[in-house]
Structures are given as structure tokens and as C-alpha cells.
Amino acid sequence: MKKTILITARLTLVALCAIACQRRPFVEHTTGVNLILKVNTEIVNAGDVPLPETMRVDLFDPQTGKVRYTDYISATGGYIYPAPGDYDMILYNIGTESTIIRNENSYDNVEAYTNEVSSFIKGQIAQFLASRAEAKAERGKTKADEVERIVNQPDHLFVATGHRVSIPALLEGEEEREVTIEVDAHTVVETWKVHVTSVIGLQWVQSAVAIMSGQVESTFLGSGEDSDEVVSIYFEMEKNEEAGMIEGTFHTFGKHPGELSELSFDVNITDTGGDEHHFHFDVTEDFFDNPENLIIVEDPIEIEEPKTGGGGFDPSVEDWEDVKTDIIL
């Protein structure tokens, strides 16, 4: 009989402890949040670009900066279901071709950048790079131990951020309510146009590529600050027969604020005979007070008619000459 009473007493104590330690429901639940997103696709020199298909949403702990929740929504918004709490938030589009994101798990270090151009492209423009480096050294612009990084131009990256975004908890018995957050996303990439307006011998231009120096290597999405590294951007140009010029468009995270002495625009033109022609222009002043993001190079350049039709092989036919010889039968 004593044994039975002891078991009953212990069971009663366990039951009381379970009631005393019971969690409140809101600690275990997530909260549905209607995230309304507006992406500004009107971009200088790019027109109205298409909306991205998918946006990534990251919520970070404001104290540690570590990511606590990740989800994916459309470019117009969608529902996310984080645990209640206060967060710092970053949204950006995914699936870009050239723009790469790294350090996604840390609010202060989420960074957008692009890779260096491929070895194939470097091989294609090897003569251009050598001529450009030589000209730069002659101008005294080469620094000791300087290694120039030539990178792909970035795709437009639409970013929205929020600080101390509060996700409330619903207490037990509280009626459901909709939590709505509205944010705007803007591109962190600029689009610039370059016009070389005075080209003599435009008909002899077969192709053209260019390099723009003094640009920012990358940008941090959380703070909106640019990195300290400097890169040069490679891009292609084309002929505009009607306007009598060559023109091109490049994307950049922006002009590097520390590059004030010379922002160089170098263009390499291949003529219809296969020969290359390198031209250098100092466009430093064009990056200041230029809301149109348009660089106009008015200095004339001349492409002479190639001496050969291509590759150095120039077949020709001379006049016939009479040749007399005896044939012994």
C-alpha cells in the first residue's frame, strides 16, 4: 500500500511540473508577413529593364549580423514566415549572369562583385593589353607592383534593405492579423554610354573593344558602401554607320572615389584587314556632374584603308607575257 501511494504522489508532482513549465504558443509559432515589393526598373541609359524573376530575402540578427531566416519571393512580393523578432533585412534578385554574391550569411559582408575576364578574352586582346600597358608606363601612370584586374561588367542588381524590422508575435487567443511590410528595391549598378564621334575611315572598322579604368570592384549590400579595390571593365563597342561613330555601353558599380588622377578609356579597333589600332583617352572629367552618364569623345581618330584584304596574303595577276620555246619531237 505504501508503494502505491508513493507512485501516485510522484505522478502528481510530474503533472504539476509539466503544467508549470508549459511554453506559451507564440514562442513556437512563425508569423505570416505579406512583403510588398516595388522594384524600380527605370534606369538611366538602360530604359525600362525587365523585372527579375526571383528575389532572395534574408533576415539577420541585429546583434550578431548572422542570417536567421532565408526565403524567396517574386519581384512583386510574397509571403514569408519568420519567427517573431527584430531583424535587419536584405533583398536582392538572383540568377544574374555576371554579378556574383558572396558572404550571404553575414549582414555586413554580403557583397556583389564580378569575375575577371576569361583567359580566352585575354588571349584575344593580348596585343591590345600590351600596347595599353606600354602607353600607360610612358605616361608615368604605372605604380610599383601594380596588377590591373580587368573584369566583366556587372548585371543590374536590385537591392532593398531594412533595419530593425519588427515581426510581432501573436499571443495565445489573439485573433489573426496580417503583418505587411513595404520596401523599394533599386539597382546598385550604373549604366554608362560612350560615343567616339569623329572616326575617319569608319568603313574600314571591323570590330572594336574597350577598357574603362578606375572603377569600383564590388559593393556591400547591407551598408551600401563600395569596396576599396579598383578594377577596369571590359566591354564591346559597335559601329553606328548612320551617325558616323562607334559607340558602346558598360555597366559599373561606380567610379572609384580614389581614382582622381586619370580615368582612362582605351579602345582597340580591328580593321577589315585584321590589323589592330589602339587609342587612349583621358575621360576623368566626364565622370563628374554627368547625370546622363554619357561620355562623348570628340578627338578624331583615323583608320586607314588596309593594304591587304586580310591576313597579309594579297594574291594578284600580272599581265600576260609571250614566251617562245622550241619543242623537240
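No experiment lies behind these values; they were computed from the predicted model shown.

*Asks:* A description of the side chain of Thr31 should follow, citing residues and the corresponding values.
*Replies:* Structurally, Thr31 can be placed in the loop between α2 (25-28) and β1 (33-39). Excluding anything up to four places from it in sequence, Thr31 contacts Ile80, Tyr81, Pro82, Pro84, Ile167, Pro168, Ala169 and Val179.

*Asks:* Requested: an account of the sheet that holds strand β6 (residues 77-80), with residues and values cited.
*Replies:* In spatial order, the strands read β5-β4-β7-β11-β12-β1-β6; together these 7 strands make up an open sheet with mixed pairing. Each end of this open sheet is capped by a strand with a single partner; those strands are β5 (67-73) and β6. Ignoring which end each strand starts from, the neighbouring axes of this sheet average 20° apart.

*Asks:* Any details on helix α4 (residues 126-138)? Residues and values, ideally.
*Replies:* Over its 13 residues, α4 runs 19 Å from end to end, which matches the ideal 18 Å to within 8%, given 1.5 Å per residue. Of all the residues in α4, the buried ones are Phe128, Arg132, Ala135 and Lys136. Buried residues of α4, seen end-on, are gathered within an arc of 100° and therefore sit on one face of the element. With respect to the buried face of α4, the exposed residues turned more than 90 degrees away are Gln127, Glu134 and Glu138. Residues of α4 that are buried make contact with β10 (150-152), β15 (205-216), β17 (230-240), β19 (264-271) and β20 (276-282). Gly140 occupies a position one or two residues after α4 and carries a positive phi of about 75°.

*Asks:* So what's going on with the packing of aromatic side chains? Which residues, and what values?
*Replies:* Summed over the entire model, instances satisfying the criterion amount to 6 aromatic pairs. Between the aromatic rings of Trp192 and Phe287, the centroid separation amounts to 4.6 Å while the plane-to-plane angle is 40°, which identifies the pairing as tilted. Here Phe287 lies in the loop between β20 and β21 (294-297) and Trp192 lies in strand β13 (residues 190-196), a separation of 95 residues in the sequence. Note on accessibility: Trp192 and Phe287 belong to one class, buried. Considering the side-chain rings of Phe235 and Phe265, the 6.5 Å spacing of their centres and the 20° angle between planes classify their relative orientation as stacked. Of the two residues, Phe235 is situated in strand β17 and Phe265 in strand β19; the sequence distance between them amounts to 30 residues. Take Phe235 and Phe265: they sit in the same class, and that class is buried. Members of the aromatic cluster, joined through ring pairs, are Phe235, Phe250, Phe265 and Phe281. A cation over a ring is seen here: Arg102 above Tyr113, with NZ or CZ 3.8 Å from the ring centre.

Calculation criteria
Residues numbered from 1 in each chain as written. Predicted model: local features only at pLDDT ≥ 70, side-chain atom pairs only at ≥ 80, totals over all residues. Heavy atoms only, no water. Helix = DSSP H or I, 4+ residues; strand = E, 2+ residues; numbered from the N terminus. Contact = heavy atoms within 4.5 Å. Pairing = 2+ DSSP bridges. Axes fitted to C-alpha atoms, helices over the stretch in contact; angles between N-to-C directions. Expected span 1.5 Å × (residues − 1). Buried < 20%, exposed > 50% of the residue type's maximum accessible area, 1.4 Å probe, protein only. Arc of directions from axis to C-beta. Phe/Tyr/Trp six-rings, centres within 6.5 Å; stacked < 30°, edge-to-face > 60°. Lys NZ or Arg CZ within 6 Å of the ring centre and 35° of its normal.

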